[in-house]
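# Structural features, examined
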Amino acid sequence: MKQALRILVIYLAIIGLAYALLFMIPFRFNPQTLNLNNPKDIIVNEQDSSEIISLLEKDTLKNLLTDTTTIQLIPKDTIIVSEHLSCPTTFLLQLKELNHRLSQVHQNKEVVRILHFGDSQIEGDRITAYLREAFQNRYGGSGPGLNCILDPHRINRSVWLDNGDNWQLYSIYDRNRDKNRNTYGLLGQYAFLKSEEVGEFKLSKSPWAEPHAKNYQSIRLFIAPHKGSININGSIKNSEVINDSLSPSTNMTEINWSFPHVSPSLALKIKSTDDIAVLGVALDSISGVAVDNIALRGQSSPLLHRTNADLFKAMSEHLNIGMIILQYGTNMIPIETSNYSFYKKILSKQFDILSKLIPNKPILFIGIGDAAKSFDGKTESYHHLQELRDAQKELALEYGFAYFDLYEAMGGEGSIIKWTQTSPPLALTDYIHFSRAGGAKAADYIMDALWKQVDQFKYPIKGIKQTTDSLQVWSN
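Residues numbered from 1 in each chain as written. Predicted model: local features only at pLDDT ≥ 70, side-chain atom pairs only at ≥ 80, totals over all residues. Heavy atoms only, no water.

On to the overall build of the protein. Regarding its fold elements, the protein presents 11 helices and 22 strands. Looking at the protein as a whole, 51% of its 476 residues are labelled buried. A separation of at least 24 residues holds for 77% of the contacts in the protein among residues at least 6 apart in sequence. For the protein, the exposed area adds up to about 23200 Å²; of that, 50% sits on carbon and sulfur atoms. (Helix = DSSP H or I, 4+ residues; strand = E, 2+ residues; numbered from the N terminus. Buried < 20%, exposed > 50% of the residue type's maximum accessible area, 1.4 Å probe, protein only. Contact = heavy atoms within 4.5 Å. Areas by Shrake-Rupley, 256 points an atom, 1.4 Å probe, with all protein chains shown as cover.)

Below, the structure is given as C-alpha cells:
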C-alpha cells in the first residue's frame, strides 16, 4: 500500500510540474494554425518572385506574412508560375544575374549571347527573330547572331548568304554525317572545304530581317583545328579590306573583323593547304545582346552527344553565353504512348551534357504547342499532348530550368486549328508548324512572361499582398 501511494505521489508531481511549465514557459506551437493544404494550392502575389530572390540571396528563409494566410517558409525549390511560365528559384537567381549583365553590356563593351536551340518549329529564324528583337530592343545590340556560312535552301531571312560550289555542308542529324572528323561545334553543323580549293561566300544585310538584326559591325569567323595554312581575302564592293593568313593550329581559331560602317556586304575567299571546317560566323554589334538560332530539323533533342565537346565548349567560351533557350518536342508529337519516361531519358542525357559544357546559366525550356491531325475524317488535336507536355515540364523543373507552357499559352486543345483560320494564318495547314505571324505571336507570349519576372529585378516590390490574380507557388 505504501509502495502504491508513493507511485501515485510521484505521478501527480510529474503532472503538476508539466502543467506549471506549460504556463511558465512560452510555447507557440499551435497545430490549428498549420497550413497543410496541397502545395499546388499555395498562393502568393505575382510580384513575390523578387522578394523570394532577396530572401534566398541573404540566405535567410524568412516568413511570408499576409492578412489572410498563415506563416509559411519558402523552400529552395519553390516555383513561381505566371503567364504560363514556371520559374524555379534557381532560374530566377540566374535570371537576375543575367539581367544585371545585360544592363552593363555597353559599359563593359561586350556582347552577351542567348542560344536558342530547337527543332523545325524554329527553323528559318521563325520564332528566334522575334525573341532577338525583343532582347535587343530592351538591352541594345544588333545583328542576326551566329550562323553557318552556308544556307543552301535560303531559309534564314535574317541574313543573306551566298556561297560558291566548293563547300560541303555537314550536320549532326544527317545520316551521312562526318563521324570520323568529328568537328561539330555549337551549331551542330559546319562548312567543309577540301585542301587547295577556293571557298567563296558572301555575307549581306537581309531586307527581310527585323530592324535590329539588319545591322552588324562585327564579323567573327570560327575555324576548327587545322593542319594546313589558311589564306583569307575579303572585299567590299571589289575593294580588298581583308588579307589574313592563319598558321596550322591544334585549337579552334577565331578571326574577327570590325567595320566603321554598318552591315557591309563582305565577300570572302578562303584557301588552305589542308582540309578545313568552318564552324560558323557571328554577325553582331560591338556591344549588346545577341540571340542565335540553332535549329536541328527532325530532332527531338539538341544531339549534344554527337558534337565535339572540346569545340562546343571552346565556342561557348569565346561567344560569352548568357542564357540558353531549348525548344523541342515537335517530332515527338506523332508518338502516342501512356508513358513518356523514354523521352525524359533522352532529354535528361542532353541536359546533363549541356549543364557540364555551359554551366550555371539560366535555361528556359519552351514546351510543345498544340497540334492536330485527322481522326476519322475530322481534324482534332492529338489526344496525348498534355501527357507529353507534362513529361517535358517535370524534367525541366527537376533540373532547375524554367518551363514555358506554349500549349496552354496558345489556348490549349484545338487552338492550332483556330490559328490556321485567322487572317493572316498563325499556323500552317500541317496543323503543327507556325507561320511567321504565328512565330511572332508565340514569341510575344514568351517574352511577356519573361519580362514580368525581369521587371521585378528592376523595380523591387515592397511588401507582399495577396490578390485574386495571384501566382501559384509549390514545392517541386
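Back to the text.
The tally for this structure, following the rule as stated, stands at three cavities of 30 Å³ or more. Space inside the largest cavity adds up to approximately 80 Å³. As for the largest cavity, its lining consists of 16 residues, and the residues nearest its centre are Gln121, Thr330, Gly367, Ile368 and Gly369. Looking at the lining of the largest cavity residue by residue, the class counts come to eight nonpolar, six polar and two charged. One number sums up the size of the second largest cavity: a volume of about 50 Å³. If you trace the second largest cavity, you find it lined by Leu95, Leu98, Asn99, Leu102, Phe135, Tyr139, Met323, Leu450, Trp451 and Val454. In terms of residue count, the dominant contributor to the lining of the second largest cavity is helix α3 (residues 89-103) (four residues). (1 Å grid on protein atoms, 1.4 Å probe; cavity = no way out; pocket = protein on both sides within 12 Å on 5 of 7 lines; lining within 4 Å. Points joined across faces, edges and corners; volume = space filled by probe spheres on them. Nonpolar A, V, L, I, M, F, W, Y, C, P; charged D, E, K, R; others polar.)

Moving on to the pairing of strand β3 (residues 85-88). Of the two faces of β3, both are covered, the one formed by Leu85 and Cys87 as well as the one formed by Ser86 and Pro88. As judged from the four bridges shared by strand β2 (residues 78-82) and β3, these two strands associate in the antiparallel manner. Note that in β3 the partner of Ser82 across the bridge is Leu85. Counted between consecutive antiparallel strands, the loop separating β2 from β3 contains two residues, among which Glu83 sits at a positive phi close to 55°. Note that β3 and strand β21 (residues 402-404) share two bridges and pair antiparallel. Bridge pairing links Leu85 to Phe404 in β21. (Pairing = 2+ DSSP bridges.)

A few words now on unusual backbone geometry. In this chain, Ser423 is followed by Pro424 through a cis amide linkage whose omega measures 0°. Note on placement: Pro424 falls in the loop between α10 (415-420) and α11 (436-458). For Asn238, which is not glycine, the phi torsion reads 70° and is therefore positive. We classify Asn238 as exposed; its relative accessible area is 81%. Its identity as a non-glycine residue notwithstanding, Ser263 has a phi of 55°, on the positive side. Among the structural elements, Ser263 can be located in the loop between β13 (253-258) and β14 (266-272).

Here we come to the pairing of strand β20 (residues 378-381). Across four bridges, strand β19 (residues 372-375) lies against β20 in antiparallel orientation. Counterpart to Ser374 in the pairing with β20 is Thr379. Counted between consecutive antiparallel strands, the loop separating β19 from β20 contains two residues, among which Asp376 sits at a positive phi close to 55°.

Considering the arrangement of structural elements, one finds Lys441 in helix α11. Along the chain, Lys441 and Leu426 lie 15 residues apart, while their C-alpha atoms are 7.9 Å from each other. With residues up to four places along the chain from it excluded, the contact list for Lys441 reads Trp419 and Leu426.

What links the strands of a sheet is backbone hydrogen bonding, and the strands pair in either a parallel or an antiparallel sense. Reading across from one edge, β6-β9-β14-β11-β12 is the order of the five strands in this open sheet, with antiparallel pairing throughout. Single-partner strands in this sheet number two, and they are β6 (160-163) and β12 (239-246). Taking each pair of neighbouring strands and ignoring which way they run, the sheet shows an average axis angle of 15°. With seven bridges joining them, strand β11 (residues 230-236) and β14 adopt antiparallel strand pairing. If you follow Ser235 over to β14, its bridge partner there is Ala267. (Axes fitted to C-alpha atoms, helices over the stretch in contact; angles between N-to-C directions.)

For the rest of this paragraph, the subject is the pattern of salt bridges. Pairing of side chains with opposite charge becomes possible as their charged atoms draw close. By the definition in use, this model includes 13 salt bridges. One salt bridge in this structure joins Arg220 and Glu254, with 2.7 Å as the shortest N-O distance. A residue pair is termed long-range when its members are at least 10 positions apart, and Arg220 in strand β10 (residues 218-223) and Glu254 in strand β13 qualify at 34 residues. The class for Arg220 is buried, based on a relative accessible area of 14%. A salt bridge links Arg389 to Asp405, with the shortest nitrogen-to-oxygen separation between them at 2.7 Å. Placement of the pair is Arg389 in helix α8 (residues 385-398) and Asp405 in the loop between β21 and α9 (406-410), with a sequence separation of 16 residues. On the basis of relative accessible area, Asp405 is assigned to the buried category, the value being 7%. (Salt bridge = Lys/Arg side-chain N within 4 Å of Asp/Glu carboxyl O.)

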